Amino acid sequence: MTDRETEAAMSAPGLLLESEFLAEAQEIVDAASRTLLALDEARSRGDASPLLLGDVFRAVHTLKGLAGLFRPGLLGTLAHEYEELLQDLRLGRTPLDGEAMDLLFRGIETFGVLLAAIEAGLPEPEPEVRALLAALARSRNALGRAESDHDGAVKLESWALDPNILAVLTEYEEHRLRLAVASGQRLFRAEVRFALATLDDGIEQLKTRLIDLGEIVTYLPTGDGADLLSIDLEILVVSRAPVDLLAAALEPLGARLEEVRRRDETLPPPAAPAEDAGRDRDRDRDDAAETGETRVLRAGVSPGGDKHLAVADEGREGRSAGERNEQALERVATVRVAIDRIDGLLDVVGELGLLPFAVARLESSLRQNPLTRREAGELSRLRRSLERHIGRIRSGILATRMVPLAQVVDRLTRAVRQIARESEKQVTFVATGAETELDKLLVEELTEPLLHLVRNAVDHGIEAKATRERLQKPVVGTLALNAFQKGNQVVVELEDDGAGMHPEALVARAIGLGLISPEEGRTYGRNEAFSLVFLPGFTTRAEAGPLSGRGVGMDVVKTNIAALGGTVEVESEPDIGSKFTLTLPITLAVLQVLVVVADGTTFCLPLANLEEVFPLDVAAVRRSPVREMGRELAREAGREFGREIQEVLPHRDAPLPLAPLGTLLFDAPEAGDARTPSLRERLRPGFVVVANFPGKRIGIVVDGVDGQQGIVVKALPAALRSARSVLAGATDLGDHRIGLVVDLGAVVDEFVREARPRPSPLALEERL
Amino acid sequence: MTPLMTAPIEVALCTLLGGIGGEEELWAFRLDEAAEIVKPPTITRVPRVDPSIRGLFLLRGRLVTLIDLGARLGLRRLHPELPWIAPQRRAIVLAHVAQRRDDPRLGAPRGHRREEQELLAIGVDAIVGVERVSRELRAVPGASELVRTSRGPAFLLGAAALAFPTRREEP
């Protein structure tokens, strides 16, 4: 906790801390975003549900309230203007068209940016927010008002409604009512009694039961509840459904339903409501029943409840009710925990994990003595039990860090929508397996790479409409994301039905860009050709488009995924489409590594990037001139290429460049030191670990290999941050040793590009 | 003029071989920052760090950064023949609160920030005493603070300053 937070906590007991406010605000924005996506989808079916719009409206209203408490200023202003737009949309003052949806989505993005800036303590992105505020104001002026009263033509007074009810309807309710009756829906009035204690549940049930049948315009308390513990509500419902269906849906609630007809359809009742507005409703109802003008259906409270529900789409009804319930339960049973606290617990468990080692030592010394051998056995049993329990605690804690992938999917859906609009393509985004759980940090770090892949797929993959028509493909392209768990890994597949890639074309392009030599190109197989897209600087576009094609990105995707201990694979068929498969560990916290020793220090190499390990035969090492490619890259990076000669090992028909891990990591020996032995002399009998990255494959020489292990990676202390250029972290290997976790991607990159400012010792030694 | 005094603080007094005059120098560490005094176990060298950082060691499962005070203060160059820390000597472990943003190379966690307590260990030759000293409010902010002790003046060192030294120019 910072001083400021501590201060806030002390000065305002019971209030949310800023961090909690931010988390809550972000949650509200996320929820609003999901609802907007649902609304957009419903709108494209021509069925813009007022319920969804209402949900967004309420979410933003809550956000506005929160912002007012914690962050008066831009956030509050934006929330207010956004709410105004939503209000206009609800009231039909502004049509809910593509433009309005764009503005709504843009608002969600801006809320996100603004909240992130506040959280990071950065200045608020004022120009961006101001631009959006201006756009909001413009849209309201341009679109709004003009035909605001187009539904006013319908005279509500011509329905047999109690004017007292009409008088208390809000503007929104009146608008919905006008719209509904103007479109030919029928109007019903129902009375239902709820116990005060369960009023919220009751209303929720009522909504659920009517959701597919009609729309509830308003609820008004009649004020004559039978006793102090219950309340009678008068409900106005508009619907196209037959009255029997509505009555059946409301029956379990004990509601009394009647249709409200137009006055001109009916004979004037003996006592017209207009003349006798204030009279007793019961009498009114009785009158109506006697005259037979309105159909009155009184349903008793049936003990069976749902069983009697004669609704056509029963399954659907039941599910949505269940979902609502689950949501409600989730709200109650969830606590928000700062990830730092979980990490703190993990650290404690890490310490706890050391105890069995100490016990094991004690055990073996007790075993030496015949008198204490039995105790040693007892101790051994206790130790194993301790180990088991520690293991359970560890997996329990790791489980609390898991969140569903759905968070990312929402952002991707928004991105696809936006990119498709910008590039004037039609794309459907289908996501399955969004409930797959991943480590919280992994989900966050997966977002950028996935956004990039999605952007590429829509921009490069999906063809323009005309092309698709010519190829007799469906005009609307499909981008499908599928996530599933596979053992200890999570697989995320992203597949498009776009143009696909020709392996030969990729190789030719890479040669053209000077990324590989023509000789190398000839040796490339199908899979190697596809992996060329991950080379830095690779692009298939002659000119950069507005969205992609600058040749940056895919290599970053690969690097980011590798940094998470994952891999990316590409498969593609020309004119059929491309598929990217991301394989990731379920949690960042446990990383599978190969433990090696070099220069007396223990290192951990992430297994995901390793190909094989074999003993080094020093006599087989050859020297070879450095390939042109490396020099080319170095020149592009504006660096001197320090190495002329490279030690290589003939390995599987290609020379494998060698580099000792110690030399790669630790600073080069003092320049000009004549005692520096040549690499060949320094190569001790050891092992070669082959690290494979797209277009880069090197043999890392280590002194010893200690086997494979799952480790909990800890970030390096801030005092060692300069080491983060080559280390991904450190770990307690459990036997009093620290393992330094190597960022293999960075190390290999550095080796290939030879981008270190200091000349390599190898180059010096050749000059001497 | 009598210097302004603040409330006295408790410090641990340590000596370090190879001071400016080749003699033992006295250094003071605030006791409220000091977590404990340990004999550093096996030290793991870390690549690409300032030469004054000797490496990492484990203290009950936590990573501790070990700093060579002599090198950090630039004294090592004066007496290169002296061992950086005699094998039987001890290290004083200081708790330091560092603020850290997650690695920007990984891109995604926008502004993700956390604060955590990190442990730093300073290698010293001997702990010679613990005492209460008074601090003077000095006119020059940022200047290293000198405190009066029963053994003479001592420099007061803080964990934050040691964890993040001002960058020296690379040759």
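Bear in mind that the values here come from a model prediction, so they are computed numbers and not experimental data. (Residues numbered from 1 in each chain as written. Chains lettered and ligands numbered in written order. Predicted model: local features only at pLDDT ≥ 70, side-chain atom pairs only at ≥ 80, totals over all residues. Heavy atoms only, no water.)

(A) Looking closely at the overall build of chain A. From N to C terminus, chain A includes 27 helices and 23 strands. Expressed as a percentage of the 768 residues in chain A, the buried residues total 47%. Restricting to contacts in chain A with at least 6 residues of sequence separation, those with at least 24 account for 70%. Accessible area of chain A: about 38000 Å², with a carbon and sulfur share of 53%. (Helix = DSSP H or I, 4+ residues; strand = E, 2+ residues; numbered from the N terminus. Buried < 20%, exposed > 50% of the residue type's maximum accessible area, 1.4 Å probe, protein only. Contact = heavy atoms within 4.5 Å. Areas by Shrake-Rupley, 256 points an atom, 1.4 Å probe, with all protein chains shown as cover.)

(B) Looking closely at the overall build of chain B. Within chain B, the regular secondary structure consists of two helices and ten strands. The secondary structure elements of chain B, listed N-terminal to C-terminal, are β-β-β-β-β-α-β-β-β-β-β-α. Taking all 171 residues of chain B together, the buried fraction comes to 46%. Contacts spanning at least 24 positions in sequence make up 61% of the contacts within chain B whose residues lie at least 6 apart. Summed over its atoms, the accessible surface of chain B is roughly 9200 Å², and 53% of this surface lies on carbon and sulfur atoms.

(C) Seen up close, the packing of aromatic side chains. The final tally for this structure, using the stated rule, is three aromatic pairs over all chains. When the ring of A:Phe603 is compared with that of A:Phe666, the centres are 6.5 Å apart and the planes differ by 65 degrees; the resulting orientation is edge-to-face. Taken together, the residues A:Phe603 in strand β14 (residues 601-606) and A:Phe666 in the loop between α24 (661-665) and α25 (679-682) connect sequence positions 63 residues apart. For A:Phe603, a relative accessible area of 0% gives the class buried. Note on A:Phe666: relative accessible area 11%, which makes it buried. Above the face of the A:Phe57 ring, A:Arg90 is positioned so that its terminal group lies 4.3 Å from the ring centre. Between B:Arg45 and the ring centre of A:Phe666, over which it is positioned, the NZ or CZ distance is 4.1 Å. (Phe/Tyr/Trp six-rings, centres within 6.5 Å; stacked < 30°, edge-to-face > 60°. Lys NZ or Arg CZ within 6 Å of the ring centre and 35° of its normal.)

(D) Structural detail: the packing of helix α3 (residues 50-70) of chain A against helix α4 (residues 74-90) of chain A. All names here are of chain A. Look at α3 against α4: their axes get within 9 Å of each other, and the N-to-C directions meet at 155 degrees. With respect to each other, α3 and α4 are oriented roughly antiparallel. The handedness of the crossing between α3 and α4 is left-handed. Residue-level contacts link Leu-53, Gly-54, Val-56, Phe-57, Val-60, His-61, Lys-64 and Ala-67 of α3 to Leu-75, Gly-76, Ala-79, His-80, Tyr-82, Glu-83, Leu-86, Gln-87, Leu-89 and Arg-90 of α4. Class assignment of the residues belonging to the contact of α3 with α4 gives a composition of ten nonpolar, five polar and three charged. (Axes fitted to C-alpha atoms, helices over the stretch in contact; angles between N-to-C directions. Parallel < 35°, antiparallel > 145°, perpendicular 65-115°, else oblique. Left-handed = near helix turned anticlockwise from the far one by under 90°. Nonpolar A, V, L, I, M, F, W, Y, C, P; charged D, E, K, R; others polar.)

(E) Representation of unusual backbone geometry in the model. Even without a glycine there, the phi angle at A:Glu424 is positive, about 50 degrees. Looking at the secondary structure, you find A:Glu424 in the loop between α16 (406-422) and β7 (427-432). Of note, B:Arg48 is a non-glycine position whose phi angle comes to about 60 degrees, a positive value. B:Arg48 gets classed as buried once you look at its relative accessible area, which sits at 14%.

(F) Here's a closer look at the sheet that holds strand β12 (residues 577-585) of chain A. All names here are of chain A. Taken together, five strands build an open sheet; the order of strands is β7-β9-β10-β12-β11 and the sheet is mixed. In this open sheet, the two edge strands, each paired with only one partner strand, are β7 and β11 (567-573). Going from strand to strand, the sheet's axes swing by 15 degrees on average, the running direction of each strand aside. Two elements, strand β9 (residues 477-486) and strand β10 (residues 489-496), share eight bridges in a ladder whose sense is antiparallel. Bridge pairing links Ala-483 to Val-492 in β10. (Pairing = 2+ DSSP bridges.)

(G) Structural context of the pairing of strand β4 (residues 256-260) of chain A. All names here are of chain A. In terms of residue burial, β4 counts as a mostly covered element, since five of its five residues are buried. With burial as the criterion, each face of β4 is covered, one bearing Arg-256, Glu-258 and Val-260 and the other bearing Leu-257 and Glu-259. Examined bridge by bridge, strand β1 (residues 186-195) and β4 share five bridges and lie antiparallel to one another. Among the inter-strand pairings, Phe-188 is bridged to a residue of β4, identified as Glu-259.

(H) Layout of the pattern of salt bridges. Overall, the coordinates contain 25 salt bridges over all chains when judged by the stated rule. Linked by salt bridges that have partners in common, A:Asp40, A:Arg43, A:Asp102, A:Arg417 and A:Arg421 make up one network. (Salt bridge = Lys/Arg side-chain N within 4 Å of Asp/Glu carboxyl O.)

(I) Spatial organisation of the packing of α4(A) against helix α5 (residues 98-120) of chain A. All names here are of chain A. The geometry of α4 relative to α5 is characterised by a closest axis approach of 11 Å and an angle of 160 degrees between their N-to-C directions. One way to sum up the angle between α4 and α5 is to call them roughly antiparallel. α4 and α5 meet at a crossing whose hand is left-handed. Each of Leu-74, Leu-75, Leu-78, Ala-79, Tyr-82, Leu-85, Leu-86 and Leu-89 in α4 lies in contact with α5, whose residues at this interface are Ala-100, Leu-103, Leu-104, Phe-105, Gly-107, Ile-108, Thr-110, Phe-111, Leu-114, Leu-115 and Ile-118. Looking at the contact of α4 with α5, its residues break down into 17 nonpolar, two polar and no charged.

(J) Main features of helix α9 (residues 199-210) of chain A. Between its terminal C-alpha atoms α9(A) stretches 17 Å, which fits the 16 Å expected from twelve residues at 1.5 Å a residue. Looking only at α9(A), the buried set comprises A:Gly202, A:Ile203, A:Leu206, A:Thr208, A:Arg209 and A:Leu210. (Expected span 1.5 Å × (residues − 1).)

(K) Fine view of the side chain of A:Thr601. Within the secondary structure layout, A:Thr601 lies in strand β14. For A:Thr601, a relative accessible area of 5% corresponds to the buried category. Once you skip the residues sitting within four places of it in the chain, A:Thr601 turns out to touch A:Val596, A:Phe666, A:Leu740, B:Thr44 and B:Arg45.

(L) Representation of the environment of B:Leu31. Residue and element names in this part refer to chain B. You can see Leu-31 is positioned in the loop between β2 (25-30) and β3 (34-38). Classification of Leu-31 as partly exposed rests on a relative accessible area of 30%. With residues up to four places along the chain from it excluded, the contact list for Leu-31 reads Glu-10, Val-11, Ala-12 and Val-130.

(M) Spatial organisation of the confidence of the model for chain B. Residue and element names in this part refer to chain B. Averaged over every residue, the pLDDT of chain B is 67; the share at 70 or more is 54%. Highest mean pLDDT in chain B belongs to strand β4 (residues 53-59) (87); lowest belongs to strand β6 (residues 90-101) (60). The model gives residues 99-115 a pLDDT under 50, and that stretch makes 49 contacts with residues more than four places away or in other chains. (pLDDT = per-residue confidence, 0-100.)

(N) Region of the structure containing the side chain of A:Gln185. Residues and elements named next belong to chain A. Its location among the elements puts Gln-185 in the loop between α8 (171-182) and β1. At 3.4 Å, the side chain of Gln-185 forms a polar contact with the backbone nitrogen of Ser-239. Apart from residues lying up to four places away in sequence, Gln-185 is in contact with Ala-180, Val-238, Ser-239 and Arg-240. (Polar contact = N/O pair within 3.5 Å; in protein donor to acceptor, adjacent residues only side chain to side chain.)

(O) Just helix α10 (residues 243-250) of chain A, in detail. Along α10(A), six of the eight residues are buried, which leaves the element largely enclosed by surrounding structure. Turning to α10(A), its buried residues number three or more, namely A:Val243, A:Leu246, A:Ala247, A:Ala248, A:Ala249 and A:Leu250.

(P) Quick look at the environment of A:Leu177. All names here are of chain A. Residue placement: Leu-177 occurs in helix α8. We classify Leu-177 as buried; its relative accessible area is 0%. Put simply, Leu-177 and Val-217 are 40 residues apart on the chain and 6.5 Å apart in space, counted from C-alpha to C-alpha. Sequence-distant contacts of Leu-177, that is, excluding residues within four places in its chain, are made with Leu-156, Leu-161, Leu-166, Leu-169, Leu-187, Val-217, Leu-236 and Val-238.

(Q) How the structure looks around the confidence of the model for chain A. Residue and element names in this part refer to chain A. Averaged over chain A, the pLDDT score is 73; the fraction of residues at 70 or greater is 74%. Every residue in residues 267-332 is under pLDDT 50, and counting partners more than four places away or in other chains gives 74 contacts. Scored below 50 in pLDDT, residues 637-642 shows 13 contacts in the model against residues more than four places distant or in partner chains.

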